[in-house]
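The lines below spell out each chain.
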Amino acid sequence: MKRVYVFGTRGFPDVQGGVEKHCEQLYAELVGDNRYDIHVFRRIPFLKKGTAKEYRGVHFIDLPSTRIKGFEAFFHSLLCAVYCMVKRPDIVHVHNIGPGMFVPLLKLVGLKVVLTYHSANYEHKKWGYCARKILKMSEWFALRGADAVIFVNEKQMERFGGNIREKSVYIPNGVTVKALSTQTDYIESLGLKPREYILAVGRITQEKGLDYLIESYATVLHDGCKLVLAGGIDHKSAYAAKIRDLSKKYGVVMPGYVDGEPLRQLYSHARLFVISSYNEGFPLVLLEAMSYHLPILASDIPANKLLDLPQEAFFKTGDVADLSAHIGQALSRPYEHVDYNIGEYTWANVGTKVANVFGKVSGE
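It should be emphasised that the depicted structure is a prediction, and the values quoted were computed from it without experimental measurement. (Residues numbered from 1 in each chain as written. Predicted model: local features only at pLDDT ≥ 70, side-chain atom pairs only at ≥ 80, totals over all residues. Heavy atoms only, no water.)

(A) Quick peek at the sheet that holds strand β8 (residues 168–170). Taken together, eight strands build an open sheet; the order of strands is β3-β4-β2-β1-β5-β6-β7-β8 and the sheet is mixed. Each edge of the open sheet carries a strand with a single partner, namely β3 (54–55) and β8. Of the strand pairs in this sheet, strand β7 (residues 148–151) and β8 are connected by three bridges, and their pairing is parallel. Among the inter-strand pairings, F151 is bridged to a residue of β8, identified as Y170. (Pairing = 2+ DSSP bridges. Helix = DSSP H or I, 4+ residues; strand = E, 2+ residues; numbered from the N terminus.)

Spelled out as structure tokens, the structure:
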């Protein structure tokens, strides 16, 4: 079996984040055919006490880290890179351009490296000038140093020239389709009723645009329909304080990070799903909402437009008035399940395509 070491994720299971969910599903697929021995590096501060050292056949290597913004990924990725240089796996799989800073170091000792490019992190509003310059530099090193590059967003891949695109492949994220939940105990514990709330899912961070979503919702307040923001929050950030204040003012429900059956109930019984992001790589939560047949409103960023949604589902990114109008129109119509074409977005397909990349890189 080929030994693959993975870094650039905080870890899984029960750790919120698009990259985390991507890795959780992908590597379970890859270990299924006994071709790969997968070892994923995790960041200790983000793990629950007593968490298992193996998950669905994937092995974990837990290393120290920090929660300091701007230093967390750098410090942990440096440790991971040194560990890989000592252990010398067949393939190192690096996720995102920040950790990709260390790709040249891995190549210096002759390791095979695959990079998955999830998003242009330097476009995120939370980063200052210096951090953005460092991320741009990391992108340059990572893309040129990697043996192969996987883009989850085809539009991002098209931004780069021939030398990069020759060794690149577009592989979108997948979704695990689950049956609708008939239970309502969790949503009732939040004071919610089926089809009487709008749902948004994701970490409470600036690039998700949740402040203007709340303001848009506040101008509608349609027949007592509530707004639910399901996602973990950094309680120390100024943006988090702003969201908490707005939520308290307008009665927004914030249950925190939700997964498993509670999240299934939230999706199953929502009236409308909204994704208001300014930036996304490939929006997993949007795919999830589609798998639950929900009516959807999405910001008109390129990543959201990768998915087959009707034109009327899109609103102008950051525009309170336009989003308010779309919410009002959506809530004025009777609720109906929507059937979306998501047949190609399976984790089995993703796993097969990534395995092909690994095979080319390792000379199989």
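(B) Up close: a nonpolar patch on the surface. Together, I68, F71, F74, L78, V82 and V86 give the surface a local cluster of nonpolar side chains, amounting to about 510 Å² of exposed area. Position of V82 among the secondary structure elements: in helix α2 (residues 72–87). Overall, the relative accessible area of 42% leaves V82 in the partly exposed class. (Patch = residues over 30% accessible without salt bridge, like charges linked within 9 Å, V, L, I, M, F, W, Y side chains within 5 Å. Areas by Shrake-Rupley, 256 points an atom, 1.4 Å probe, with all protein chains shown as cover. Salt bridge = Lys/Arg side-chain N within 4 Å of Asp/Glu carboxyl O. Buried < 20%, exposed > 50% of the residue type's maximum accessible area, 1.4 Å probe, protein only.)

(C) A look at the packing of aromatic side chains. For the coordinates displayed, the defined rule picks out 17 aromatic pairs. Ring centres of F12 and F60 lie 5.1 Å apart, and the angle between their planes is 80 degrees; this geometry places the pair in the edge-to-face category. Residue F12 is located in the loop between β1 (2–7) and α1 (18–30), and its partner F60 is located in strand β4 (residues 58–63); the two are separated by 48 residues in the primary sequence. Residue classification places F60 among the buried residues on the basis of a relative accessible area of 8%. Relative to F141, the ring of W140 has its centre 5.6 Å away and its plane inclined at 85 degrees; by these criteria the two rings are edge-to-face. By relative accessible area, F141 is classed as partly exposed at 32%. Taken together through their ring pairs, the aromatic side chains of Y5, F7, F41 and Y83 make up a single cluster. Cation over ring: R195 sits above Y335, and NZ or CZ is 4.1 Å from the ring centre. Sitting over the face of the ring of F314, K305 holds its NZ or CZ atom 5.5 Å from the ring centroid. (Phe/Tyr/Trp six-rings, centres within 6.5 Å; stacked < 30°, edge-to-face > 60°. Lys NZ or Arg CZ within 6 Å of the ring centre and 35° of its normal.)

(D) Structural detail: the pattern of salt bridges. Scanning the entire structure with this criterion turns up eleven salt bridges. A salt bridge links E24 to K21; its shortest N-O distance comes to 3.8 Å. Of the two residues, E24 and K21 both sit in helix α1, three residues apart, roughly one turn of that helix. Between K136 and E139 there is a salt bridge whose closest N-O contact spans 3.9 Å. A residue pair is termed a helical-turn pair when its members lie 3 or 4 positions apart in one helix, as K136 and E139 do in helix α4 (residues 129–145) at three residues. The buried category is assigned to E139, whose relative accessible area is 6%. A single salt-bridge network, built from bridges that share partners, covers R10, R43 and E72.

None of this, on its own, says anything about what the molecule does.
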